[in-house]
Amino acid sequence: MVTELNCRIEYQRTNRSKKTKPCMYDPGQTCYSENTQSQAAWICAKPFKVICIFIAFTGTDYRLVQKVCPDHNFQTEQNQQHFG
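To keep things clear, this report deals only with the structure shown in the data block. What you are looking at is a predicted structure, and each value in this text was computed from that prediction instead of being measured.

Side note on the state of the cysteines
Part 1 of the argument: A full pass over the atoms with the stated rule returns 3 disulfides.
Part 2 of the argument: Two residues, Cys7 and Cys44, share a disulfide whose sulfurs are 2.0 Å apart. A torsion of 115° about the S-S bond marks the disulfide between Cys7 and Cys44 as right-handed. Residue Cys7 is located in strand β1 (residues 6-22), and its partner Cys44 is located in strand β2 (residues 30-45); the two are separated by 37 residues in the primary sequence.
Part 3 of the argument: The disulfide partner of Cys52 is Cys69, and the S-S distance across this bridge is 1.9 Å.

Overview of a nonpolar patch on the surface
Part 1 of the argument: There is a patch of nonpolar side chains on the surface, built from Ile53, Ile55, Phe57, Tyr62, Leu64 and Val68 and spanning about 530 Å² of accessible area.
Part 2 of the argument: Listing elements by their share of the nonpolar patch, those giving two or more residues are β3 (53-58) and β4 (63-68).
Part 3 of the argument: Take Tyr62: it is sitting in the loop between β3 and β4.

Observations concerning the environment of Gln12
Part 1 of the argument: Within the fold, Gln12 resides in strand β1.
Part 2 of the argument: When the C-alpha atoms of Gln12 and Ala40 are compared, they prove to be 4.3 Å apart, with 28 residues separating the residues in sequence.
Part 3 of the argument: Setting aside residues no more than four positions away along its own chain, Gln12 makes contact with Gln39 and Ala40.

Rules used throughout
Residues numbered from 1 in each chain as written. Predicted model: local features only at pLDDT ≥ 70, side-chain atom pairs only at ≥ 80, totals over all residues. Heavy atoms only, no water. Disulfide = S-S within 2.5 Å. Helix = DSSP H or I, 4+ residues; strand = E, 2+ residues; numbered from the N terminus. Patch = residues over 30% accessible without salt bridge, like charges linked within 9 Å, V, L, I, M, F, W, Y side chains within 5 Å. Areas by Shrake-Rupley, 256 points an atom, 1.4 Å probe, with all protein chains shown as cover. Salt bridge = Lys/Arg side-chain N within 4 Å of Asp/Glu carboxyl O. Contact = heavy atoms within 4.5 Å.

Written as structure tokens, this is what we have:
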């Protein structure tokens, strides 16, 4: 069974550093080496169906129709998985 998840990056960081050292081909010269490290934390949740309702308000000289949907950011903690 394949489960699809909706994921987004919750945290991301990249560290870069440069170091100097004698060159292998000519120890009299200076060469640079770069080191890059990345970290990322993802938050994933199972997709869910959204059911919207329409609410109508009617007066003598107006009609107002409002669409109401649940907040897609509101999910229970047990529905989410953290990676990273």
